[in-house]
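Observations on the model geometry
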Amino acid sequence: MGWEEKAARGYSEFVQAAQQSRGRPVFALFCGDKDAQGRSWCPDCVTAEPVVRSELNSLPDGAVFIYCQVGDRAYWKDPNNEFRKNLKLTAVPTLLKYGTPQKLVEEECLNRELVHMLLTED
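Procedures and definitions
Residues numbered from 1 in each chain as written. Predicted model: local features only at pLDDT ≥ 70, side-chain atom pairs only at ≥ 80, totals over all residues. Heavy atoms only, no water. Helix = DSSP H or I, 4+ residues; strand = E, 2+ residues; numbered from the N terminus. Rg over C-alpha atoms; globule rule 2.2 N^0.38 Å. Buried < 20%, exposed > 50% of the residue type's maximum accessible area, 1.4 Å probe, protein only. Arc of directions from axis to C-beta. Contact = heavy atoms within 4.5 Å. Phe/Tyr/Trp six-rings, centres within 6.5 Å; stacked < 30°, edge-to-face > 60°. Lys NZ or Arg CZ within 6 Å of the ring centre and 35° of its normal. Salt bridge = Lys/Arg side-chain N within 4 Å of Asp/Glu carboxyl O.

Quick word on the overall build of the protein
- Across its full length, the protein carries 5 helices and 5 strands.
- Reading the helices (α) and strands (β) of the protein from amino to carboxyl end gives β-α-β-α-β-α-α-β-β-α.
- Whereas a compact globule of 122 residues would reach a radius of gyration of roughly 14 Å, the protein reaches 13 Å, a difference of no more than 12%.
- Its C-alpha atoms give the protein principal-axis dimensions of roughly 40 × 30 × 25 Å.
- Expressed as a percentage of the 122 residues in the protein, the buried residues total 45%.

Here it is in structure tokens:
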């Protein structure tokens, strides 16, 4: 069966994608918005994305991977943004298993072994 990828931009699109995937394991990578050239304003996100993507084939069957852009830098820095308030995100990039406390933050997302463990362990 494999896994499925969904893209989301902003909090409401993320919630919609996660709700549509109810009953399936949902993993999400939160990064800063990308510009017209496809580069994020967040240098750690630029470095982390290929590491995380290199491990996606380790996802369990039926899993959903959501790549979510959190907004521009000014929105992300607002302490009252919906990602910070509702998902308790503290930094980007963040890779998490939705509905669990399991997550990797910032430089942890650059560690292939940690990424593999998050994507494979129950």
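There's plenty left to go through after this.
A closer look at helix α5 (residues 112-120)
- When we look at burial in α5, the residues that qualify are Val115, Leu118 and Leu119. An end-on view of α5 places all buried positions within 95 degrees of arc, on one side of the element.
- Packed against the buried residues of α5 are β2 (26-31), α2 (43-54), β4 (94-97) and β5 (103-105).

Concerning the packing of aromatic side chains
- On inspection of all chains with the given rule, the structure shows 4 aromatic pairs.
- Here the aromatic rings of Tyr11 and Phe83 are separated by 5.6 Å at their centres, their planes lie at 85 degrees, and the arrangement is edge-to-face. Taken as a pair, Tyr11 in helix α1 (residues 11-20) and Phe83 in helix α4 (residues 82-87) lie far apart in primary sequence, 72 residues in all.
- Overall, the relative accessible area of 0% leaves Phe83 in the buried class.
- Pairing Phe14 with Tyr98 gives two aromatic rings, centres 5.4 Å apart and planes at 80 degrees, and the pair type is edge-to-face. With Phe14 in helix α1 and Tyr98 in the loop between β4 and β5, the pair connects residues that are 84 residues apart, well separated along the chain.
- Judged by relative accessible area, which is 0%, Phe14 ranks as buried.
- Since its relative accessible area comes to 36%, Tyr98 is described here as partly exposed.
- Members of the aromatic cluster, connected to one another through ring pairs, are Tyr11, Phe14, Phe30, Phe83 and Tyr98.
- Between the NZ or CZ atom of Arg84 and the centre of the ring of Trp76, over which it lies, the distance is 4.2 Å.

Quick notes on the pattern of salt bridges
- Applying the stated rule across the entire model yields 5 salt bridges.
- The residue Asp33 makes a salt bridge to Arg9 at a minimum N-O spacing of 2.2 Å. One end of the pair, Asp33, is in the loop between β2 and α2; the other, Arg9, is in strand β1 (residues 4-9), with 24 residues separating them in the sequence.
- Among the residues examined, Asp33 registers a relative accessible area of 7% and is labelled buried.
- Since its relative accessible area comes to 51%, Arg9 is described here as exposed.
- One salt-bridge network, in which partners are shared between bridges, spans Glu5, Lys34, Glu49 and Arg53.

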